[in-house]
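Take a look at the letters that make up each chain.
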Amino acid sequence: MASEGKTVLSYHDVLLRQSELTILQSNQWLNDVIISFWFEYLQHEVFGEFKDVISFIAPEMVQFLKSASPEFSANGCPISVDEIKSMLEPLQLSSKRIIFFPISDSPINSTSVDGSHWSLLVYLTQSGETNATDDSIQQSSSTTLGRFEHYDSFTGSVNHTHASAVRNVMSSILITGSFLGKSEEEEDDVTTSHTLMVEMECTQQVNGFDCGVHVLCNCEAVCRRLLMEDGQHITQLASLDVIKRKRREICVTIGTLSKT
């Protein structure tokens, strides 16, 4: 759904219009503008003290990343990894401990981030896991530099394929510079660790329209666990009760920010 209507808030790189409020106040699928806004809000307000070690990738950039994957590129001619690196360079991802990618099942030839389902892909570096209390995300090898985790509120959806495409592209970027002083066998170990994507347990949606809300709640839950050492399970931090309240919370936040 395209963003339209009068402007209600300009926040960092995001422009919210009346159509976004309409979506939030109804049972519609969250669009990329709302996802981008909340990511900006988390980056600058909620987890502002950690902004040097976390990064939230905008939906339109994630859509672009898929175009560098052969299986999703238009006409089978993927954008080069060097082009992707150049576009991502200002984000300084090599210094980040946690990177969030909102995944949609939008086709690569779409002019906007449309589709029918959102999920969340998270990249964790080894240092990004030092505050984790869940054994399932501890490193098991000294050569492991990080891993990808996929949180899908509709387990088994086609988003696994889309997340894998982004994982494959980002692996070749995040791995750059990691081979210095390593043998060929060690390089293979590093590549394997970077291409690993684990499907994580998370709260499952009970309707056909709140997948985007689940993404935002799971994103916050991961931050609270890893950055604030909250020992609760992801399904507690992003429970159905939390998810049911999120649309109103976003609306209230927009209203508050529009008055400042």
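Everything here concerns the structure above.
The present account deals with the structure reproduced in this document. Quick caveat: nothing in here was measured; it's all calculated off a predicted structure.

### Observations regarding the pattern of salt bridges
Then, in step 1: Applying the stated rule across the entire model yields five salt bridges.
Then, in step 2: A salt bridge links Asp210 to Arg247, with the shortest nitrogen-to-oxygen separation between them at 3.0 Å. Taken together, the residues span a long stretch of sequence, with Asp210 in the loop between strand E7 (197-200) and helix H7 (211-227) and Arg247 in helix H9 (residues 240-258) at a distance of 37 residues.
Then, in step 3: Put simply, Arg224 and Glu220 hold a salt bridge, and the shortest N to O gap is 4.0 Å. Here Glu220 and Arg224 lie together in helix H7, a separation of four residues that amounts to about one turn.
Then, in step 4: For Arg224, a relative accessible area of 30% gives the class partly exposed.
Then, in step 5: Connected through shared salt-bridge partners, Glu220, Arg224, Lys246 and Glu249 make up one network.

### Overview of the pairing of strand E5 (residues 118-125)
Then, in step 1: Counting buried residues in E5 gives eight out of eight residues, a clear majority hidden from the surface.
Then, in step 2: Judged by which residues are buried, E5 turns out to be covered on both faces: Trp118, Leu120, Val122 and Leu124 on one side and Ser119, Leu121, Tyr123 and Thr125 on the other are all buried.
Then, in step 3: By the bridge criterion, seven bridges tie strand E4 (residues 98-104) to E5 in an arrangement that is antiparallel. Pairing of Ile99 across the sheet is with Tyr123, part of E5.

### Side note on the sheet that holds strand E3 (residues 54-56)
Then, in step 1: The mixed open sheet is built from five strands, whose spatial order is E3-E4-E5-E6-E7. The sheet is open, and its two edges are formed by E3 and E7, each paired on a single side. Neighbour-to-neighbour, the strand axes of the sheet open up by a mean angle of 25 degrees, direction not taken into account.
Then, in step 2: Relative to E4, helix H3 (residues 59-66) is tilted by about 75 degrees, and along the sheet it contacts E4 and E5.
Then, in step 3: In the packing of H7 onto the sheet, the strands contacted are E3, E4, E5 and strand E6 (146-151), and the crossing angle to E5 comes to about 20 degrees.

### Focus on the nonpolar core
Then, in step 1: Of all hydrophobic cores here, the largest spans 51 residues; its most connected members are Phe37, Phe100 and Ile254.
Then, in step 2: Tallying contributions element by element places H7 first for this core, with 11 residues.
Then, in step 3: Excluding residues that lie within four positions of it along the chain, Phe37 makes contacts with Leu9, Tyr11, Val14, Leu16, Ile250, Thr253, Ile254 and Leu257.

Reading the values: the criteria
Residues numbered from 1 in each chain as written. Predicted model: local features only at pLDDT ≥ 70, side-chain atom pairs only at ≥ 80, totals over all residues. Heavy atoms only, no water. Salt bridge = Lys/Arg side-chain N within 4 Å of Asp/Glu carboxyl O. Helix = DSSP H or I, 4+ residues; strand = E, 2+ residues; numbered from the N terminus. Buried < 20%, exposed > 50% of the residue type's maximum accessible area, 1.4 Å probe, protein only. Pairing = 2+ DSSP bridges. Axes fitted to C-alpha atoms, helices over the stretch in contact; angles between N-to-C directions. Contact = heavy atoms within 4.5 Å. Core = buried A, V, L, I, M, F, W, Y, C linked by side-chain atoms within 4.5 Å.

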